[in-house]
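# Chain and residue survey
Residue strings, one per chain:
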Amino acid sequence: MSRSVLVTGGNRGIGLAIARELAAAGDAVAVTYRSGEPPEGLFGVRCDVTSAEDVDTAFGKVEAEQGPVEVLVANAGVTRDTLLAIMSEEDFTSVLDTNLTGAFRVAKRASKQMMRKRRGRIVLVSSVVGMMGSAGQANYAASKAGMVGFARSLARELGSRNITVNVVAPGFVDTDMTAALGEDRHEVIKSLIPLGRIAAPEEVARAVRFLAGDDASYITGAVIPVDGGLGMGH
Ligand code: NDP
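Residues numbered from 1 in each chain as written. Predicted model: local features only at pLDDT ≥ 70, side-chain atom pairs only at ≥ 80, totals over all residues. Heavy atoms only, no water.

Put simply, the test is: UniProt positions are given in the numbering used here, feature names are shortened, and annotations may be inferred rather than shown by experiment.
As annotated in an unreviewed UniProt entry, the chain carries the name 3-oxoacyl-[acyl-carrier-protein] reductase and is attributed to Thermomonospora umbrina. For the record of the chain, the UniProt heading Catalytic activity (unreviewed entry) holds the text "a (3R)-hydroxyacyl-[ACP] + NADP(+) = a 3-oxoacyl-[ACP] + NADPH + H(+)". The annotation that UniProt attaches to the chain under Sequence similarities (unreviewed entry) is "Belongs to the short-chain dehydrogenases/reductases (SDR) family."

This is the structure we're talking about:
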């Protein structure tokens with residue numbers, strides 16, 4: 001059965017892989033994008049998740065095109081890495097505003113229709129560093145750890161309405177975000193990963209497809225690592 005799906009930040013990287021995976025599985029998939037053109041073959045809505053107004057407008061367009069959102073994937077995210085001593089308040093709050101408050105804005109908007117329909121799936125894209133911490137990423141790690149408490153609270157609030165809320169925690173994935181780290185850092189990172197390599201975005205997308213699908217009907221409040229073993233035990 002085709003469902004109405006919305007993936008934030010679905011114009012590139014992990015979000016695009018998730019959108020393509022769900023579209024291939026037969027869902028009607030919309031993605032948000034901030035600039036440029038939406039990806040070919042997917043319904044694109046312009047939206048900056050730091051604006052509640054943008055989020056509301058984007059949901060309105062998606063609802064008109066493909067019906068109320070039944071599967072929400074909160075994937076949009078940014079980094080602004082620097083050491084605590086020189087991290088500005090803006091560095092901190094802007095990352096929280098996109099990654100954590102952005103997830104709040106879209107989940108809140110999506111939950112209204114999901115509660116009415118008594119059905120829904122919410123998947124939040126967090127990160128292994130939310131659990132492990134990461135020097136130079138206090139803002140990012142805090143935002144990603146916050147997503148876990150947020151998701152688990154929603155899982156408790158919305159479970160009786162047949163809405164599941166889960167988290168995927170990727171390790172290092174081959175996207176623009178990690179390309180910025182450079183080849184030397186890549187080699188160090190790979191040496192820490194039991195599987196010895198960085199993930200392809202599609203490997204994260206498949207976990208999201210599972211959580212969004214019927215096979216995950218009794219899973220809620222879970223954090224699924226897709227990290228090659230990097231965060232084992234967390
Ligand atoms: P990219 O940098 O490749 O893509 C980020 C996406 O988020 C883009 O689509 C971008 O849109 C969107 N985005 C950023 N800020 C906003 C905003 N304010 N409003 C709307 N959209 C926004 O990152 P990845 O694909 O690597 O990451 C996707 C998610 O996965 C993020 O949440 C990230 O934290 C998480 N993650 C990534 C890992 C990795 O190794 N790559 C590891 C663990 C987690 P635009 O194109 O308009 O900028």
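From this point on, the discussion continues.
### Quick look at the nonpolar core
To be explicit about the condition: What makes a nonpolar core is a set of buried Ala, Val, Leu, Ile, Met, Phe, Trp, Tyr and Cys residues whose side-chain atoms join them at distances within 4.5 Å. Partly exposed residues are those whose accessible area sits between 20% and 50% of the maximum for their type, while under 20% is buried and over 50% is exposed, using a 1.4 Å probe and protein chains only. Going along the chain from the N terminus, every DSSP run of H or I of four or more residues is numbered as a helix, and every run of E of two or more is numbered as a strand. Any two residues whose heavy atoms approach within 4.5 Å at even a single point are treated as in contact.
Within the largest apolar cluster, 30 residues are counted, with the highest numbers of intra-cluster contacts made by Leu6, Phe59, Leu72, Ile122, Leu124 and Val165. Elements with a minimum of two residues in this core: helix 2 (52-66), strand 4 (71-74), helix 3 (89-117), strand 5 (120-125), helix 5 (138-158) and strand 6 (163-170). Broken down by element, the residue count for this core peaks at seven residues, all from helix 5. The residues touching Leu72, leaving out its near neighbours within four places in the chain, are Leu6, Phe59, Val106, Ala107, Ala110, Met114, Arg121, Ile122 and Val123. If you look at the next biggest cluster of nonpolar residues, it comprises 26 residues, including Leu16, Val123, Val204 and Ala207.

### A few points about the site of the ligand
Using the following cut-off: We call a residue near a molecule or strand when any one of its heavy atoms sits within 4 Å of it. As used in this structure description, the phrase polar contact means that two N or O atoms lie within 3.5 Å; if the pair is within protein, one of them must be able to donate a hydrogen and the other to accept it, and residues adjacent in sequence are counted only when both atoms belong to side chains. Per-residue accessibility takes into account occlusion by the displayed protein chains alone, with areas from the Shrake-Rupley method and a 1.4 Å probe. Each residue is assigned to one of three groups, with Ala, Val, Leu, Ile, Met, Phe, Trp, Tyr, Cys and Pro labelled nonpolar, Asp, Glu, Lys and Arg labelled charged, and all others, Gly among them, labelled polar.
As a structural note, the neighbourhood of the ligand is formed by 28 residues, with Asn11, Arg12, Arg34, Tyr140 and Thr175 the closest of them. Asp48 is positioned with one of its side-chain polar atoms (N or O) 2.8 Å from a nitrogen atom of the ligand. Val173 has a polar backbone atom sitting 2.7 Å from an oxygen atom of the ligand. Burial of the ligand by the protein amounts to 95% of the accessible area it has alone, namely 890 Å². Every element with two or more residues in the shell around the ligand is listed here: helix 1 (13-24), helix 5 and helix 6 (176-179). At three residues, helix 6 tops the list of elements feeding residues into the shell around the ligand. For the shell around the ligand, the class distribution of residues is 11 nonpolar, 12 polar and five charged.

### What to know about the sheet that holds strand 6
Test applied: Only strands joined by at least two bridges in the DSSP assignment are considered to pair. As a rule, the C-alpha atoms of each element are fitted with a line to give its axis, helices using only the stretch in contact, and angles between N-to-C directions run from 0 to 180 degrees.
Pairing is parallel across the open sheet formed by seven strands, whose spatial order is 3-2-1-4-5-6-7. Looking at the sheet topology across the chains shown, the edges are occupied by strand 3 (43-46) and strand 7 (223-226). Within the sheet, the average angular offset between the axes of one strand and its neighbour, ignoring direction, is 20 degrees. Across four bridges, strand 2 (residues 28-33) lies against strand 3 in parallel orientation. Of the residues in strand 3, the one forming a bridge with Ala30 is Phe43. Docked against the sheet, helix 8 (residues 201-212) engages strand 4, strand 5, strand 6 and strand 7, running at close to 165 degrees with respect to strand 6.

### Focus on unusual backbone geometry
Positive phi outside glycine occurs at Arg118, with the angle close to 55 degrees. Tracing the backbone shows Arg118 in the loop between helix 3 and strand 5. Given the relative accessible area of 47%, Arg118 is considered partly exposed. In the Ramachandran plot, Asn162 falls in the positive-phi region, its phi being about 65 degrees despite a non-glycine side chain. Note on placement: Asn162 falls in the loop between helix 5 and strand 6. Residue Asn162 is classed as partly exposed on the basis of its relative accessible area, which comes to 46%.

### Some details on the side chain of Ser126
Within the secondary structure, Ser126 is located in the loop between strand 5 and helix 4 (128-132). On the basis of relative accessibility, which here comes to 3%, the residue Ser126 falls in the buried class. A distance of 2.9 Å separates a polar atom in the side chain of Ser126 from the backbone oxygen of Lys144.

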